[in-house]
Every structure is written in structure tokens, then in C-alpha cells.
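# Residue-level structural notes
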Amino acid sequence: AQSVTQLDSQVPVFEEAPVELRCNYSSSVSVYLFWYVQYPNQGLQLLLKYLSGSTLVKGINGFEAEFNKSQTSFHLRKPSVHISDTAEYFCAVTPGYSTLTFGKGTMLLVSP
Amino acid sequence: KAGVTQTPRYLIKTRGQQVTLSCSPISGHRSVSWYQQTPGQGLQFLFEYFSETQRNKGNFPGRFSGRQFSNSRSEMNVSTLELGDSALYLCASSLYRQGAAGANVLTFGAGSRLTVL
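Residues numbered from 1 in each chain as written. Chains lettered and ligands numbered in written order. Predicted model: local features only at pLDDT ≥ 70, side-chain atom pairs only at ≥ 80, totals over all residues. Heavy atoms only, no water.

## Considering the pattern of salt bridges
Here the structure, examined in full by the defined rule, presents 10 salt bridges over all chains. Arginine 63 of chain B is paired through a salt bridge with glutamate 82 of chain B; the nearest N and O atoms lie 3.6 Å apart. Of the two residues, arginine 63 of chain B sits in the loop between strand S6 (53-57) and strand S7 (64-68) while glutamate 82 of chain B sits in the loop between strand S8 (74-78) and strand S9 (87-94), which places them 19 residues apart along the sequence. Measuring nitrogen to oxygen at the nearest pair gives 3.4 Å for the salt bridge that ties glutamate 75 of chain B to arginine 73 of chain B. When salt bridges with common partners are traced through the structure, they connect Glu20, Glu66 and Arg77 of chain A into a single cluster. (Salt bridge = Lys/Arg side-chain N within 4 Å of Asp/Glu carboxyl O. Helix = DSSP H or I, 4+ residues; strand = E, 2+ residues; numbered from the N terminus.)

## Examining the environment of tyrosine 39 of chain A
All names here are of chain A. Turning to its location among the elements, tyrosine 39 is positioned in the loop between strand S5 (32-38) and strand S6 (44-50). For tyrosine 39, a relative accessible area of 18% translates into the label buried. When the C-alpha atoms of tyrosine 39 and serine 84 are compared, they prove to be 9.4 Å apart, with 45 residues separating the residues in sequence. Discounting chain neighbours no more than four positions away, the residues touching tyrosine 39 are Gln45, Asn61, Ser84, Thr86 and Ala87. (Buried < 20%, exposed > 50% of the residue type's maximum accessible area, 1.4 Å probe, protein only. Contact = heavy atoms within 4.5 Å.)

## Side note on empty space enclosed by the protein
This structure, assessed with the given rule, holds 1 cavity of 30 Å³ or more. Lining the largest cavity we find Asn41 and Gln42 of chain A together with Arg9, Tyr10, Leu88, Ala110 and Arg113 of chain B. Taken together, the residues of the lining of the largest cavity sort by class into 3 nonpolar, 2 polar and 2 charged. (1 Å grid on protein atoms, 1.4 Å probe; cavity = no way out; pocket = protein on both sides within 12 Å on 5 of 7 lines; lining within 4 Å. Points joined across faces, edges and corners; volume = space filled by probe spheres on them. Nonpolar A, V, L, I, M, F, W, Y, C, P; charged D, E, K, R; others polar.)

## Let's talk about the interface of chain A and chain B
Reports often express the size of an interface as the amount of accessible area lost when the parts come together. With 19 residues of chain A at the interface, the matching set in chain B holds 26 residues. Taken over both partners, the interface formed by chain A and chain B buries close to 1600 Å², and the fraction arising from carbon and sulfur atoms is 56%. Joining chain A to chain B, the criterion identifies 0 salt bridges. If you look at where chain A meets chain B, you find 5 residue pairs in polar contact (both at pLDDT 80 or more). (Buried area = accessible area lost by both parts, 1.4 Å probe. Polar contact = N/O pair within 3.5 Å; in protein donor to acceptor, adjacent residues only side chain to side chain.)

Such coordinate-based values are descriptive only and should not be taken to indicate function.
Below you can see the structure in the form of C-alpha cells.
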């Protein structure tokens, strides 16, 4: 079985500041990793994914994440956030088929 | 390409009633998954269908059921509704090809928000 821990339930940050949302996972097998974003009253939108290859993954809207196998982490980063990045972010893992295990989510609150 | 379409978007039911939610996947996607999202439990996997067969099932009571049709559209049903069933129900689809991780990336719909009074 897999589990995902998102260490921060809320991350407040000022506009144009950098941000890191933390994600750690636990699994007895190799996994694929994902970050999804959810805006109010919407579904989940894929930000980025790690399937194989380079451990630094670039996604949409200027986000990137780094897969660290030894630390079982997949932290999400953005060098400069905008007000429009205010949303809830979910880290998820799967051992290879479709079923995802999600973290509890991190609410990113960007203020001017 | 149209995305994943879920209907209805919002609905209100009373305890004891039943509800059916519908999901139309992206054209060509053959796998459909359902998730329940609540403030307390977060995102929890309900079940997954592929080629009209349930491939995986989460830890939910038998009141929760689903099915998939030959055109890959899926429905889920909740019978004898309880207050705790109030949630956002998300449907996701993928191409699904065994051994091809990229084909199994889920695309989500906007969800159906169920309120049980």
C-alpha cells in the first residue's frame, strides 16, 4: 500500500515570493508521482508528473518538482507566485495502474 | 478535445434517497475512476472501470456502486443516502494501457457536488 503526507495544510505567501509545497510518500514498490491543483468549485487539474527519467520535472504555470528517491519526497516549487496561484494542491502516487493515493492537500494562499 | 463531463454538477437529496451520477470520459479513454472528496477524509478512491468491468474497488460500503457502458460512459449510484455522503464526487478517465505509465495519467472532471439533508 502507498501513503502520501503533505506536511503543510496551509502555506501563506506574498505575491512574487518563492514557494515550496512539501510532499513525502511511503511505498514498498516503485511509484509514479503527480501534483494536481484544484481551484474553487472545480475538479483537479494536472500540474506535473514524474514517470521516469530526469528527477526535475517541469509543469504548467511555472511550477516544477524534484523527485528524491532516497528521501521519498516530491516537493513542488515555484520561484515567483501570483495571486492566481491561490488554490489547493494535491500530491498523489500510484504504483503504475490508474488508482491514485492522494495526500490531504495544501492550501496555497497568495496575498498582495 | 472535450474533457471529462460530469452531470449533474450540483444536487440536493434527503436521507434515505438514492442518487445516480454520470460521467462521460474523454473520447478514446477506456478507463473511468471515481473519487469522493470530503473536507474530513480528503480524496478517497471509490472504484475503477475498464471495458465495462470493475477493476479496482476502494473501501466503501455496498451502498456505493457503479457501472460502465460499452461507450465507456460511467455511472455511479449511492443508495440509502446518509448525511456523511455529502461530498464532491470526481470522475477521472485515462487511456489505460498496461505497462505504459503515460497512458494511465488521470484527467478529472469538474465533479458532482452532492448535498444530503
